[in-house]
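One-letter residues, chain by chain:
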Amino acid sequence: MLAKSEVLAVRQASVSLSGRCILKDIDFALNAGELCGLIGANGSGKTTLLRTILGFVTPASGSVTIEGGGRAPVGYVPQKFVLDPYMPMRARDLIGLGLDGNRFGAPLPSRRRRRKVDEILEAVEAAPFADQRIGSLSGGEQQRVLIAHALIRRPRLLLLDEPLANLDLRSVAGIVALLHRVSREFQTTVLLSAHDMNPLLSVMDRIVYLAHGRAATGNTDAVVRTEVLSRLYGYHIDVVRVHGRILVVAAEGEYDAAAIERDPVHVTQVP
Amino acid sequence: MAALLSLAVEPGFFTSEPVRTAVVIGGAAAIVSGVVGVFTVIRGQSFAGHALADVSSAGGAAALLLGINPLGGFLLMSVLVATSMELVRVDRASERDLVTGIVTGAGLGLAALLLYLDVTTSSTTGAAVTVMFGSMFAISASIVPLAVTVGIGALLAIGVLYRPLLLCSVDPDLAAVQGVPVRLIGLLYLIVVALAVALSAVTVGAILSTALLIGPAAIALRVANRPGVAILLAAAIGVVATWGGILLAYDSYEWSGGHGWPVSFCIVALIFVAYAVVAETGLGRQRLEPLAAGNATQAG
Amino acid sequence: MFDDFMVNTWIAATLVAGVAGVVGFFVVIRGASFAAHALPLSAFPGAAAANLLGIDPLVGLLAFSGLGVAGISRLGRRGRRDVATALSLVMLLGLGALFLSWTTEYFQAVYALLFGETLGVGAHDLGPVAALSAVSIALIVALFRPLILSSVSPELAETMGVSARWVEVLFLSVVAIATAMALPVVGALLVFSLMVGPASAARTLTDRPLAAMLLSAAIAIVTVWASIMLSFASDWPVGFFVGALSALAYVMGRTWAWVEIHGRSQIPTAKVAGRGATSSVSRGPP
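Residues numbered from 1 in each chain as written. Chains lettered and ligands numbered in written order. Predicted model: local features only at pLDDT ≥ 70, side-chain atom pairs only at ≥ 80, totals over all residues.

Chemist: Any chance you could explain the overall build of chain B here in plain terms?
Modeler: A count of helical and extended segments in chain B gives 12 helices and zero strands. Going from N to C terminus, chain B has its helices and strands arranged as α-α-α-α-α-α-α-α-α-α-α-α. Once local pairs closer than 6 in sequence are excluded, the contacts in chain B between residues at least 24 apart make up 76%. (Helix = DSSP H or I, 4+ residues; strand = E, 2+ residues; numbered from the N terminus. Contact = placed C-beta atoms within 7 Å.)

The following block contains the structure:
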């Protein structure tokens, strides 16, 4: 069940795929307008968690609750986007489909529809390339278009799967700033996955740190600490802060699954 | 102007009855194939589109010999095959092609059996060849009304499925998030392809069916930026190629002393050359390259 | 069934199936199903052309499947692969229609070329079949490692100096040769089934590529033997059994793979649900 200000609540969710346990006892909740980073190495289960929240995957135990129930739209920017250069679609066409792509028939050209598309194009600063073919856009530009597509119905929750991967430094900064603005101005809860938390340090309200299928959740300062991550990983981890950046360094060690079973990690802190 | 026209067009072209039927039916097949074909190429289902033509034409020949309404045999066979293709769960395009091929092989084997079970072998081979290579100048009038109906039906179906189909074709996840039943849309779409292909195979032959489905759409997709434009362009290119091919075939009767080139060859040649030219010269290619600036990737 | 005159058929069928299985293994792992289906069909008009010119049909088959390879490679580099395959295919078939319009005596042979005719194998045919088999196998053996590597990861292959483009052209050429060889026996429409049905079963039964390749050849040979025997017993065309048994092999392969994944796990597996399906996910009130 959701507390009053909560938009998303994941309660003790465990997920298995093809017989393998991917996630165990994931537990966290997000309020409106919060920006949360889902951090973990490749293969740590970030995509699986996002897909579970979306309802594409059913947890073996636990629950996922989203404000608004099944009716409310959830925005989603997937990781692998079709870069087909032959797709005959301009940026504004794709964004328009975000509005009514699930309705039958062809969209009737209406001023209202065009205005909504133009509005969101302005909001994500994609207006300069609105009429270009999506396959010809750069990585950063495509991300903006996908974000616009996800946001045009003003969802309460926006999920992004590795939006910063394969982007150059300038585009990363731009997208992070955009997502921060979206969370504040639209009061949309933003949950994005990444394997490097550093670009997000200045904008993250919350962190969900995944390792070996388990999560440490809470405030960044409370979670990204040597003691917490070492317990999560099952062997000694050093968290080093240098010039405002965080490095997570693993010392030699064996993963101790039994220790985690006895003493599961769960950190929350009231901000 | 009249002199130029008479140079290109041999006498009797505009008054010939078979030519008129061919122009109408061929044009209709080109339009339906072009519209449906745009989505086929976008979704990477060219193999399925071709395979359906193969199977349905073989099935049609079998139906003919079994005394079943041949058009019914065509349509039924292709819808059955399309359904089995979509029912098998696949996650990669290459696996989907594999399933397409396997189902096609089984279907063709079945067709071989049905063709064999009829006693007269000479009519078997004749029917198989006619059905596969087709002849637009020999379309029986009885097929025309049903052909037009199914053709219009296919266009209407595409119109209805337009938005969800487009969204599914761009990215199935984006569609699923908006509540679009992705697998159902895929199945319905492939059935529409099956009907369109079966129909054009019956009227213009299996070879032309594939050529009209894939060729004009592929050319249009290299040039058009918007889905609506791509669809209109594909239909237009298909019609131009078809009518041009009919003209060429008709004229060739004169050049080659009454023998003539088959219409299917003429149309396919036009489409092939057009695509090859567009591909080789990179027409519209500047739209296909991603912008160089801002595309450098950062490690990690 | 085992009379003298059938011996040629058995030998030819075994050679054809063995090569088809080996080549088919790579077709499956490289996802080249459309090309493997298109090349036999493209080759088929070559026999008509050869007939017109009065030369050995096998030469025509090889020439036309070679043209198919050229079309797919060349056009495929400038655009989508599957579009290039489809258009090359229909162009060559269109040429076939042209040739057929110049000669009517060919009609009788069309059925045999499309669906196969095992009784059509004479002793003099065995020589070319054996030779082509040897060439195909030799090429596969020579290309084995680059083929495997570029099938798994083209980028990795490039860094090791393997030109993915050349491997692709050579591979398609091997498919073309195997095609020309198999076509008279099994028919243009079913060469493909013999290539991929057994291979798709073999890949799920073992993890090692070499073993899978050999297993694929073995299953293909068994398929062809069974098809010939069943065809002899029922008088039904061989192509029907090849198509049906190949489909059966594919289904068995997929079933085995599914059993392996789901049968062995202890942990209750999650259902992968579409949106809107009933599940333990609860949605809060607005």
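Chemist: Explain the overall build of chain A to me, please; I cannot follow it from the model alone.
Modeler: Scanning chain A from terminus to terminus reveals eight helices and 11 strands. Its C-alpha atoms give chain A a radius of gyration of 19 Å, near enough to 18 Å, the size a compact globule of 271 residues would have. Counting only C-alpha atoms, chain A reaches 60 × 40 × 35 Å along its principal axes. Counting all 271 residues of chain A, 50% fall into the buried class. (Rg over C-alpha atoms; globule rule 2.2 N^0.38 Å. Buried ≥ 20, exposed ≤ 12 C-beta atoms within 10 Å, placed from the backbone.)

Chemist: Help me understand the confidence of the model for chain B, please; the structure alone is not making it clear to me.
Modeler: Atom-level detail of predicted coordinates should not be read off regions where pLDDT is low. Residue and element names in this part refer to chain B. With 77% of its residues at a pLDDT of 70 or more, chain B shows a mean pLDDT of 80. At the low end of the mean pLDDT range in chain B sits helix α6 (residues 121–133), at 53; at the high end sits helix α10 (residues 206–223), at 92. Here residues 289–300 is modelled with pLDDT under 50, and outside its nearest four sequence neighbours on either side it reaches 21 contacts, counting other chains as well. Across the whole predicted complex the pTM is 0.85, and at the interface the ipTM reaches 0.85. (pLDDT = per-residue confidence, 0-100.)

Chemist: Help me understand the pairing of strand β11 (residues 245–250) of chain A in this model?
Modeler: Sheet faces and side chains relate simply in a regular strand, where the side chains alternate between the two faces. Residues and elements named next belong to chain A. With respect to burial, β11 is a largely exposed element, only zero of its six residues being buried. The pairing of strand β10 (residues 237–242) with β11 spans six bridges and is antiparallel. By the bridge assignment for β11, Val240 is matched with Leu247. Linking two consecutive strands that pair antiparallel, namely β10 and β11, is a turn of two residues; a positive phi of about 50 degrees is found at His243 within it. (Pairing = 2+ DSSP bridges.)

Chemist: What am I meant to see in the interface of chain B and chain A here?
Modeler: Interface size is often expressed as the accessible area that is lost when the parts come together. If you look at the interface, chain B gives 37 residues, while chain A gives 38 residues. Those elements that place two or more of their residues in the side of chain B that touches chain A are α7 (143–170), α8 (172–177), α10 and α11 (227–255) of chain B. Per element, the largest residue contribution to the side of chain B that touches chain A is eight residues, and it comes from α7(B). Residue composition of the side of chain B that touches chain A, grouped by class: 21 nonpolar, nine polar and seven charged. (Nonpolar A, V, L, I, M, F, W, Y, C, P; charged D, E, K, R; others polar.)

Chemist: How do you make sense of helix α1 (residues 46–54) of chain A when you look at a structure like this?
Modeler: Because an α-helix completes one turn every 3.6 residues, residues spaced three or four positions apart along the sequence face the same direction. Counting buried positions over the nine residues of α1(A) gives nine, a clear majority of the element. Among all positions of α1(A), only A:Lys46, A:Thr47, A:Thr48, A:Leu49, A:Leu50, A:Arg51, A:Thr52, A:Ile53 and A:Leu54 are buried.

Chemist: Explanation requested: the interface of chain B and chain C in the structure shown.
Modeler: Taken together, the contact pairs 44 residues of chain B with 47 residues of chain C. Only α3 (46–66), α5 (93–117), α6, α10 and α12 (263–281) of chain B provide two or more residues apiece to the side of chain B that touches chain C. The element that contributes the greatest number of residues to the side of chain B that touches chain C is α5(B), accounting for 14 residues. Residues of the side of chain B that touches chain C, tallied by class, amount to 27 nonpolar, 15 polar and two charged.

Chemist: Quick question: what am I supposed to make of the environment of C:Thr206 here?
Modeler: Residues and elements named next belong to chain C. Within the secondary structure, Thr206 is located in the loop between α9 (191–205) and α10 (209–234). The exposure class assigned to Thr206 is partly exposed, which follows from the 14 C-beta atoms found within 10 Å. Taking the C-alpha atoms as reference, Thr206 lies 47 Å from Leu53; in sequence the two are 153 residues apart. Each residue touching Thr206, except ones within four places of it in the same chain, is listed here: Ala211, Ala212 and Leu215.

Chemist: Would you mind showing me how to read the environment of C:Gly161 here?
Modeler: Of note, C:Gly161 is situated in the loop between α7 (154–159) and α8 (164–186). As for C:Gly161 and C:Val174, which are separated by 13 residues in sequence, their C-alpha atoms are 21 Å apart.

Chemist: Which parts of the structure should I look at to understand the pairing of strand β5 (residues 74–77) of chain A?
Modeler: Residues and elements named next belong to chain A. On β5, burial covers both faces: Val74 and Tyr76 on one face and Gly75 and Val77 on the other are all buried. With four bridges joining them, β5 and strand β6 (residues 157–160) adopt parallel strand pairing. Note that in β6 the partner of Gly75 across the bridge is Leu158.

Chemist: I'm lost on the packing of helix α6 (residues 123–152) of chain C against α8(C) in this one. Help?
Modeler: When two helices pack together, their arrangement is given by the angle between their axes and by how far apart the axes lie. Residue and element names in this part refer to chain C. Two numbers describe how α6 lies on α8: the axes approach to 9 Å, and their chain directions differ by 150 degrees. When the axes of α6 and α8 are compared, the pair comes out roughly antiparallel. Between α6 and α8 the crossing geometry is left-handed. Seen from α6, the contacting residues are Val129, Leu132, Ser133, Val135, Ser136, Leu139, Ile140, Leu143, Pro146, Leu147 and Ser150; seen from α8, they are Ala164, Val167, Leu170, Phe171, Val174, Ile177, Ala178, Ala180 and Met181. Taken together, the residues of the contact of α6 with α8 break down into 17 nonpolar, three polar and no charged. (Axes fitted to C-alpha atoms, helices over the stretch in contact; angles between N-to-C directions. Parallel < 35°, antiparallel > 145°, perpendicular 65-115°, else oblique. Left-handed = near helix turned anticlockwise from the far one by under 90°.)

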